[in-house]
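For reference, the chains in residue letters:
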Amino acid sequence: MTNDNATDLIGTAAVAVPATDISGNHSIFVATTREASSDAKVFTNSRSSKLNFARVNVTVPKAHKVGRIERKKPGKADDPLKFFTATDVVAYEAQPQFSSALSADIAARGGRVMIFIHGYNTSFDSAVYRATQIAHDSGYPGTPVLFSWASGGSTKDYVYDRESASVARDQLEVTLRLLAQSGARRIDIIAHSMGTWVTMEALRQLALAGDRNLGGKLGDVVLASPDIDVDVFRSQMRRYGKPDRPFFLMLSADDRALKLSGILAGNKPRVGDYANAADLADLGVVVVDLSHEKGADSLNHTKFADNPALVRLLGQRLREDDGFASDREVTDRIKLLGQGS
């Protein structure tokens, strides 16, 4: 697998801007099954035989619009005034060093963690920026963590990505346990596209091990545009069991990326564009149909993050805490948004 995106994250030059022109400065903790690049500052599209760890600091420009990721063109200087800008990358040689830094951040942020698992055709830098955008636009108060599996970052790499996703499921389980052991009192999961399959497999494995709720620390699970065969999803949910807190299942009938995925899978429907997804509700999921909502992606595959109203409501849902107190009002508002209300 090529390393085309290994140097895209950190530019060679940056434009200095005053702090007043920065909307946000986020530290994204990273656990990844990608191979480290030669300078150990970013990660490639190739698979690693072990789990690697890092922290990436990213600034968000004051001119940022909710739901968007403002990015510089390849080869251009970083400009924090206009674009998402990675200002620093720290690579951790081993898990203990990563866990120590992670634990300190979790403690400083009140014990909350949100882990994002990206989907197919996603380079490392794109995954970092998406995790940053979700954390920023949702107003999430806790520690943002990115689990980045070795996607090839190209539409032609679908088969490679499927196999990389399979390789990554054990390491996602390891990462979720690591978060639970690093002082987190609540762990929220947001997974997108093929990343939902990795997530469901890891949760299934936790259930088989008798720890499906991570010792009571599992919070909300959001499955956005799931690239999962419907029958496979049913099997995964049956093995996991009806969750204590309903999983959010966000789908859209006009998701062109999943239409293509279904064709590649032998014309098998995917959960994310399944016409009868409401019949999955008995499995313990809250179905949110976003078919009537607009997205910024021409494929209609990232509405969960690029629709301003939805990402704000999602953030409000995730911020509801008070020991898992009633959050029905926010949940109902998300469902109404999906109904075009």
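Residues numbered from 1 in each chain as written. Predicted model: local features only at pLDDT ≥ 70, side-chain atom pairs only at ≥ 80, totals over all residues. Heavy atoms only, no water.

Looking now at the overall build of the chain. The secondary structure content of the chain amounts to 9 helices and 9 strands. Taken over 341 residues, the chain has a buried fraction of 57%. Split by element, the accessible area of the chain, about 14,100 Å² in all, is 49% carbon and sulfur. (Helix = DSSP H or I, 4+ residues; strand = E, 2+ residues; numbered from the N terminus. Buried < 20%, exposed > 50% of the residue type's maximum accessible area, 1.4 Å probe, protein only. Areas by Shrake-Rupley, 256 points an atom, 1.4 Å probe, with all protein chains shown as cover.)

For the rest of this paragraph, the subject is the nonpolar core. One finds Ile115, Phe147, Leu176, Leu203, Phe233, Phe247 and Leu280 to be the most contacted residues of the largest nonpolar core, which totals 53 residues. Excluding residues that lie within four positions of it along the chain, Phe233 makes contacts with Met200, Leu223, Ile228, Val271, Leu280 and Val285. Membership of the second largest hydrophobic core comes to 36 residues, among which are Ile28, Ala54, Tyr140 and Met250. (Core = buried A, V, L, I, M, F, W, Y, C linked by side-chain atoms within 4.5 Å. Contact = heavy atoms within 4.5 Å.)

Moving on: the pattern of salt bridges. Tallied over the full model, the rule gives 15 salt bridges. Close ionic contact of Asp78 with Lys72 constitutes a salt bridge, the shortest N to O distance being 3.7 Å. Lys72 carries the same exposure label as Asp78, and that label is buried. Between Arg109 and Asp105 there is a salt bridge, with the nearest N and O atoms lying 2.8 Å from each other. Assessed through its relative accessible area of 34%, Arg109 is described here as partly exposed. By relative accessible area, which is 15% here, Asp105 ends up buried. Connected through salt bridges with shared partners, the residues Arg112, Arg186, Asp188, Asp220 and Arg245 form a single ionic network. (Salt bridge = Lys/Arg side-chain N within 4 Å of Asp/Glu carboxyl O.)

Another point: the sheet that holds strand β6 (residues 186-192). Strand order in the open sheet formed by 9 strands is β3-β2-β1-β5-β4-β6-β7-β8-β9, with mixed pairing between adjacent strands. A strand with exactly one partner marks an edge of an open sheet, and here the two such strands are β3 (85-92) and β9 (285-289). The mean inter-strand angle of the sheet, taken between neighbouring strand axes irrespective of direction, is 20 degrees. Summarising the sheet, strand β7 (residues 218-224) and strand β8 (residues 247-251) pair through 3 bridges and their orientation is parallel. When the bridges of β8 are listed, Leu223 appears paired with Leu249. Strands in contact with helix α3 (residues 158-181) are β1 (22-36), β2 (43-61), β4 (112-117), β5 (143-148) and β6; relative to β2, the strand with the most contacts, it is inclined by about 70 degrees. (Pairing = 2+ DSSP bridges. Axes fitted to C-alpha atoms, helices over the stretch in contact; angles between N-to-C directions.)

Turning our eyes to something else, we now look at the packing of helix α2 (residues 124-138) against helix α8 (residues 308-319). In the contact formed by α2 and α8, the axes pass within 8 Å of each other and the chain directions differ by 75 degrees. Relative to α8, the element α2 lies roughly perpendicular. Contact residues: Gln133, Asp137 and Ser138 in α2; Val311, Arg312, Gly315 and Arg319 in α8. Considered class by class, the residues forming the contact of α2 with α8 number 1 nonpolar, 3 polar and 3 charged. (Parallel < 35°, antiparallel > 145°, perpendicular 65-115°, else oblique. Nonpolar A, V, L, I, M, F, W, Y, C, P; charged D, E, K, R; others polar.)

A few words now on the pairing of β6. Of all the 7 residues making up β6, 7 are buried; the element is thus mostly covered by neighbouring parts of the structure. Because side chains alternate across β6, one face comprises the buried residues Arg186, Asp188, Ile190 and His192, and the other comprises Ile187, Ile189 and Ala191, equally buried. Where β4 meets β6, 6 bridges bridge the pair, whose relative direction is parallel. Looking across to β6, one finds that Val113 is bridged to Ile187. Two elements, β6 and β7, share 5 bridges in a ladder whose sense is parallel. The residue of β7 that forms the bridge with His192 is Ala224. Tracing the backbone out of β6, into helix α4 (residues 194-208) and back to the parallel element β7 gives a crossover that is right-handed. (Right-handed = clockwise from strand over helix to strand, strands pointing away.)

Turning our eyes to something else, we now look at the packing of aromatic side chains. Counted by the stated rule, this structure contains 7 aromatic pairs. Between Phe84 and Tyr129 the ring centres are 6.1 Å apart and the planes differ by 80 degrees, which places this aromatic pair in the edge-to-face class. Remark: Tyr129 occurs in helix α2 and Phe84 occurs in the loop between β2 and β3; sequence separation between them is 45 residues. The pair Phe84 / Tyr129 is uniform in exposure class, with both members buried. A centroid spacing of 5.7 Å and a plane angle of 70 degrees characterise the contact between Tyr92 and Phe98, whose relative ring orientation is edge-to-face. With a relative accessible area of 1%, Phe98 lands in the buried category. Ring pairing ties together the aromatic residues Phe29, Phe53, Tyr92 and Phe98, which thus form one cluster. (Phe/Tyr/Trp six-rings, centres within 6.5 Å; stacked < 30°, edge-to-face > 60°.)

Take the environment of Arg71 next. Mapping Arg71 onto the fold places it in the loop between β2 and β3. Residues Arg71 and Thr85 lie 14 residues apart in sequence; the distance between their C-alpha atoms is 8.0 Å. In this view, Arg71 contacts Phe83, Asp125, Ser126 and Tyr129; residues no more than four positions away in its chain are not counted. Of note is the side chain of Arg71, whose polar atom sits 3.0 Å from the side chain of Ser126. (Polar contact = N/O pair within 3.5 Å; in protein donor to acceptor, adjacent residues only side chain to side chain.)

Looking now at the packing of α4 against helix α5 (residues 230-240). For the pair α4 and α5, the least separation of the axes is 8 Å and the interaxial angle reads 30 degrees. On the basis of their axis angle, the class for α4 and α5 is roughly parallel. Considering the relative orientation of α4 and α5, their crossing is left-handed. Mapping the contact onto sequence places Trp197, Met200, Glu201, Leu203, Arg204, Ala207 and Leu208 in α4 and Val232, Phe233, Gln236, Met237, Arg239 and Tyr240 in α5. Split by residue class, the contact of α4 with α5 holds 9 nonpolar, 1 polar and 3 charged. (Left-handed = near helix turned anticlockwise from the far one by under 90°.)

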